[in-house]
Structure formats: structure tokens, C-alpha cells
Amino acid sequence: MVTTSTSASAPEKRINRKPRVVVTRRLGPWVEDRMTELFDVRTNASDMPLTRDQLLEAMQDCDVLVPTVTDSIDGEMILQAGEDLGLIANFGAGTEHIDLDAAAQAKIMVTNTPGVFTDDTADLTMAGIIGVPRRIREGVQLIRSGEWTGWAPTAMLGRKLGGKTLGIVGMGRIGQAVAHRARAFGLEIAYHNRKRLPEAIERMVAASWVESIDELVAQADILTLHCPATPGNHHLIDERRLSLMKQGASLINTARGDLVDEEALITALESGHLAGAGLDVYPDEPNVDERLIRHPNVMTLPHIGSATREGREDSGHKVIANIRMWADGHRPPDQVLSGLS
């Protein structure tokens, strides 16, 4: 389990020079300019994901690595890191792409940037929750194709939101933010979480606890995923669970592509069992299955859940704060602990 804490021992040494920092992707001038003022920084001018060999080279010649979700850092890579690498300051909240246990064994601290993308991701999730039942993608295509023949009483009929059940898998920050927004559209909120929320929070978001994912899947008119991509969650929504969903239900995924068995999802969509899907993440990014792109009621977005200037800038500032605290010999505010800590 990954938690944040301030109870672990402080960093062992203070950096008495500008920390050597490698940033694996472009973070925007508003972040990079400030980093350059404070640190000895190397950036990735091409903004293309680094290869494994390039990541290894970076890890062998820096004090701090600033990776993103596109960088897979496994235990073998951490074992080969240079002796100066003391901090992996992740840009983003998710850390499933980093072997936290190996980092703990190597005494390399890991930090992240929690909370800054909550509202941005929740907003984009609502676009799918509204857009898929109302067939927005299909309507846009109809206009752009020039085939629209005008209003008709039976044309482009979708499903209303009021009174429908929104099932939320994962009721952390983002799940709760989605629940707050969904209430305004008259949706009934049901959720499943690893641990049930306190009653006060359930009342605040008007959400009902459902003990099993199977039960939640069967209840939901719209199912939205907000859980991490842990090994135990791989293909959490598989062929069996898709078959449990209501005829005409919708699936929204703005979390991680590996949560859904893509082949099973495509089968459920093509058979008509599911009315549609709203997807911002995919198992083999940046590749997106052509069958999803062609489907008239699948909203396929290019992983933009956190893509606001404000959110990215806030995340960058958190990275900077974490590096500065670590370099000064203090505990960073956003340290991530592995199960070994």
C-alpha cells in the first residue's frame, strides 16, 4: 500500500550545491524557468518519452530525477542508478510506474504531487458522464459530415441523467469530486472503495456504499473508474464484469488504461450491450484501437484529464518544493512510502 507520511527518518545528507536535476519531459516554461534558477537542470528538448537506456543514463548522473507517468522505472533500473541519485520527484500523483519498494531498499526517496489535478480530472470525467448518454460525439460527427437533415422527434435520442445511478469505483479525492459534480445533474451516487468512507463524507457527497464491485457494476447506469493501476486492479473491468452491466449502460475511464480489458470492452460496445464509453486513457498509449475510434458513441480523448495550465503549473511548483526541501536536508511535504517503509 502506498501512503504519505511525515514519520519516517529525515534525509541523510544535505546538498551543499545546486542539485543536479534531470527532467524527463517538458513541463512548460513557467516551471522550467524557475527550476533553472534554483537547480542545475537538464531538460528533454524533444519532449519525446525517454527510452529505457536514456532513463538509465539520466539516473546514473543526477541527484534528482523528475519523471512522469510515461517513464517506467523498475527495480533493476533503480539498482543501476548512480550513487548520487537520492530523490525521484515525480511530476503527477500516480506512482505505479515506479518500483517504490526497490527505491526504499536503495534509500532513494520518492515524492509526488497529490491533489493538484483533482478538479481538472473530475471536470473531464463529467464531460464523459454527460456526453456519452447524450451521444455528443455522434452528434458532432453528424454535423461535420454534412449529413444532418434537421430536427426530428425521434432523432439522436439519448438517455437523461436525472434519476440514473452513477457507480464510482474508487472514492478518493477525484471520486469524491466527481460525486459532488454529479449530484447537480440529479444522479444517484453509489460507490465502492477499498475502505468505506466515514458516514459524514457519505452524507456530504450523498453517496451510498456498495460492498462489492460486482454489485456496483450491476447497479450502475454509468460506471466511472477512479482507482490506481495496481497489479490487483489489472483488468478490473473484464468480460465478466462488463456482462454484469445493464443493457445500455456507459463506461467512463479517466484513470488508467490497464483497468479495463480493452478487447472485452470493444466486444460489449459492438454487440450493443453497452451504449457507449468515454475514454481518456488506454492500455498501449499512444496507440488507440481503431474500433474504438470508429464507434459512433465512444468519446476518445488523448489523456487530457490533467491538461490545464493551472494544474500543470501547480504540479511543477510542488515538484520544486519537494526538491528544495530534500536538498536542504528536510522532509519533503509529498514523500511517498512503499510497503517496506
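Residues numbered from 1 in each chain as written. Predicted model: local features only at pLDDT ≥ 70, side-chain atom pairs only at ≥ 80, totals over all residues. Heavy atoms only, no water.

Trainee: Let's hear about the UniProt feature "domain: D-isomer specific 2-hydroxyacid dehydrogenase NAD-binding" (unreviewed entry) in the chain: which residues, and what values?
Mentor: As annotated in UniProt, the feature "domain: D-isomer specific 2-hydroxyacid dehydrogenase NAD-binding" (unreviewed entry) corresponds to residues 128–305 in the numbering used here. End-to-end, the C-alpha atoms of residues 128–305 are 11 Å apart, and along that stretch the chain is 33% helix and 17% strand. (UniProt positions renumbered as here; feature names shortened; annotations may be inferred. Helix = DSSP H or I, 4+ residues; strand = E, 2+ residues; numbered from the N terminus.)

Trainee: Account for helix α7 (residues 173–183), naming residues and giving values.
Mentor: The α-helix winds at 3.6 residues per turn, so residues separated by three or four positions along the chain end up facing the same way. Those residues of α7 not exposed but buried are Gly175, Gln176, Ala177, Val178, Ala179 and Ala182. For α7, the secondary structure elements touched by its buried residues are α5 (118–131), β7 (165–169), β8 (188–192) and α8 (199–205). (Buried < 20%, exposed > 50% of the residue type's maximum accessible area, 1.4 Å probe, protein only. Contact = heavy atoms within 4.5 Å.)

Trainee: Requested: an account of the pattern of salt bridges, with residues and values cited.
Mentor: A full pass over the atoms with the stated rule returns 22 salt bridges. For Arg181, the salt bridge goes to Asp123, with nearest N and O atoms at 2.7 Å. Here Asp123 lies in helix α5 and Arg181 lies in helix α7, a separation of 58 residues in the sequence. Classification of Arg181 as partly exposed rests on a relative accessible area of 22%. Across the pair Asp289 and Arg291 runs a salt bridge, and its minimum N-O distance is 2.9 Å. (Salt bridge = Lys/Arg side-chain N within 4 Å of Asp/Glu carboxyl O.)

Trainee: Which residues make up the UniProt feature "domain: D-isomer specific 2-hydroxyacid dehydrogenase catalytic" (unreviewed entry) in the chain, and what are the values?
Mentor: Feature annotation in UniProt assigns "domain: D-isomer specific 2-hydroxyacid dehydrogenase catalytic" (unreviewed entry) to the following positions: residues 31–336. End C-alpha to end C-alpha, residues 31–336 measures 22 Å, and it is 38% helix and 15% strand.

Trainee: Account for the packing of helix α1 (residues 29–38) against helix α13 (residues 309–327), with residues named and values stated.
Mentor: Contact geometry of α1 with α13 gives a least axis separation of 9 Å together with a crossing angle of 15°. One way to sum up the angle between α1 and α13 is to call them roughly parallel. You can see that α1 and α13 cross each other, and the crossing is right-handed. Of α13, the residues touching α1 (which contributes Trp30, Val31, Arg34, Met35 and Leu38) are Arg309, Arg312, Glu313, Gly316, His317, Val319, Ile320, Ile323 and Arg324. (Axes fitted to C-alpha atoms, helices over the stretch in contact; angles between N-to-C directions. Parallel < 35°, antiparallel > 145°, perpendicular 65-115°, else oblique. Left-handed = near helix turned anticlockwise from the far one by under 90°.)

Trainee: So what about the domain arrangement of the chain? Which residues, and what values?
Mentor: Domains assigned within the chain are domain 1 (20–112 + 308–328) and domain 2 (118–148 + 155–300). Taking only C-alpha atoms into account, the centre of domain 1 sits 31 Å from that of domain 2. (Domains from an automatic or database assignment.)

Trainee: Describe the sheet that holds β8, with residues and values.
Mentor: Backbone-to-backbone hydrogen bonds join strands into a sheet, with any given pair of strands oriented parallel or antiparallel. The strand order across the open sheet formed by seven strands is β9-β8-β7-β10-β11-β12-β13, and the pairing between neighbours is parallel. The sheet is open, and its two borders are formed by β9 (207–209) and β13 (298–300), each paired with just one other strand. Across the sheet, the axes of successive neighbouring strands diverge by a mean angle of 20°, strand direction being ignored. In terms of strand pairing, β7 meets β8 through five bridges, oriented parallel. The residue bridging Val169 from the neighbouring strand is His192, located in β8. Its contacts with the sheet put α7 on β7 and β8, and the angle it makes with β7 is roughly 170°. Its contacts with the sheet place helix α11 (residues 262–270) against β11 (249–253), β12 (274–279) and β13, and it is angled at close to 135° to β12. (Pairing = 2+ DSSP bridges.)

Trainee: Mind laying out the packing of α5 against α7, listing which residues take part and the relevant values?
Mentor: Direction vectors running N to C along α5 and α7 enclose 50°, while the axes themselves pass 9 Å from each other. One finds that α5 runs oblique with respect to α7. For the element pair α5 and α7, the recorded crossing hand is right-handed. Contacts from Thr118, Asp119, Thr121, Ala122, Asp123, Thr125, Met126 and Ile129 in α5 reach Arg173, Ile174, Ala177, Val178, Arg181 and Ala182 in α7. A breakdown of the residues in the contact of α5 with α7 according to their chemical character gives seven nonpolar, three polar and four charged. (Nonpolar A, V, L, I, M, F, W, Y, C, P; charged D, E, K, R; others polar.)

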